[in-house]
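A structural walkthrough
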Amino acid sequence: MRRGIEEVTYEDLESTDVISVELVPERKGLILKHCEYYVSSRRHGTTVTRRYNEFAQLYDVLNAKYPYRAVCCLPPKRVVVGGGSPLFLQRRRAALQRWLSIVARHPVLAHDADVRTFLCEISSKLDKPKHDEFVLAGSQEDSANGMSTDEMQDVFSMEQEQLRLVHLGLGRLFKIFEKVESRCETELADIRELGAALSALSTPASIDTERWTHMRDSLKAAAELATEMVEADMDEDEAMERMLVSLDCLSAYRSLCSRLSRGLHAERAAAAASAVHSPASSLLRARHRYALKCALEEARICRAYALSALELLPELLKSQGAAHARVSKLWSELHDALRQTHGNTRP
């Protein structure tokens, strides 16, 4: 571990709070329908109702107050095609839950008064802050850090590059698993369609011969088997959600690094151009150091989330293998269900 940098674990972050975001059931009879969410916090023991615009308001406030923090982006408010589809709404709900969980577990943001208002108060109207975190925190030096500004700059550069590679690698893994999962879901959908076709063929008729009756019985059994197995196999994967959380954090960190790389150089140049001992120069140097300190803290958080996702890779591989094995087993059981009756009646 690098000097002056303490480790943050996923367990540390997870223990801070557990957030739940659920869609409020659609109200009938309203001309204008807006999506609302039940937002629950285990830490505060509260449940409040929020709309997307209130999430966006909190996002704007946090961005203004914490310019040196990796605040993740919100999911989009709407899409051009199918913006109100159940699938889109469910995916946005999950994305909002991930976003708020990251905020509510952040070592600094979790203790913000506006975050608490959002999680606890009936009305969450927030005002844009007049000062950012650096001004609000004061100019006290972080003596526990133990690194010079130049050393912090070097570590920041290394963290930026290493986490960029981690982001690319995890993103690649996620796309692979997403395709694998999609193939499994497509095959389950095909089996569901097969079950519907088998069910239609199993409808009895008064002119059926004994052989036709046996055939219809096997078709009906296979159709029921297909329906039961497909419905039982549809579940969410914690490992994929964990990977999405880490990708959200890493993406936010890359955006932070991009902002800081421009801003820090400008601050350093301005401080060098000023008189060395002038108040303006001292303030710029203090802000420069504070920004680096925050960036290193954000890197620790990103590493914790990325490591937690990588540690679940064996479970993800196991669950994907099990899902495809269940599909393979289902094909075999469908074969047995059809062949058993039909085979016994063959001359």
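Details of the structure are given in the entry above.
Predicted, not measured: the structure shown is a model, and the values here were computed from it. (Residues numbered from 1 in each chain as written. Predicted model: local features only at pLDDT ≥ 70, side-chain atom pairs only at ≥ 80, totals over all residues. Heavy atoms only, no water.)

With that settled, the discussion passes to the overall build of the protein chain. On a plain count of helices and strands, the protein chain comes out with 10 helices and 3 strands. Counting from the amino terminus, helix and strand elements in the protein chain follow one another as α-β-β-β-α-α-α-α-α-α-α-α-α. For the protein chain, the residues scored as buried account for 40% of the 347 residues in total. (Helix = DSSP H or I, 4+ residues; strand = E, 2+ residues; numbered from the N terminus. Buried < 20%, exposed > 50% of the residue type's maximum accessible area, 1.4 Å probe, protein only.)

Looking now at helix α4 (residues 113-120). All buried positions along α4 are accounted for by Asp114, Val115, Phe118, Leu119 and Cys120. Lining the buried residues of α4 we find β1 (19-23), β2 (36-41), β3 (46-51), α2 (52-65) and α3 (86-105). Where α4 begins, one side-chain oxygen reaches toward the backbone nitrogen of aspartate 114, 2.8 Å away; that side chain belongs to aspartate 112. (Contact = heavy atoms within 4.5 Å. Polar contact = N/O pair within 3.5 Å; in protein donor to acceptor, adjacent residues only side chain to side chain.)

Turning our eyes to something else, we now look at the packing of aromatic side chains. Aromatic rings in a pair are described by how distant their centres are and how their planes are angled relative to each other. Throughout the structure, instances matching the rule amount to 7 aromatic pairs. Relative to tryptophan 99, the ring of phenylalanine 55 lies with its centre 6.3 Å away and its plane at 65°, an arrangement referred to as edge-to-face. A residue pair is termed long-range when its members are at least 10 positions apart, and phenylalanine 55 in helix α2 and tryptophan 99 in helix α3 qualify at 44 residues. Here the two residues phenylalanine 55 and tryptophan 99 agree in accessibility, since each one is buried. Judged by centre distance (6.5 Å) and plane angle (65°), the ring pair of tyrosine 68 and tyrosine 290 falls under edge-to-face. Here tyrosine 68 is found in the loop between α2 and α3, whereas its partner tyrosine 290 is found in helix α9 (residues 279-311), with 222 residues between them in sequence. For tyrosine 290, a relative accessible area of 12% translates into the label buried. Site record: aromatic cluster; members linked through ring pairs are Tyr37, Phe55, Tyr59, Trp99 and Phe118. (Phe/Tyr/Trp six-rings, centres within 6.5 Å; stacked < 30°, edge-to-face > 60°.)

In short, the description is geometric, and any link to function would need to be established separately.
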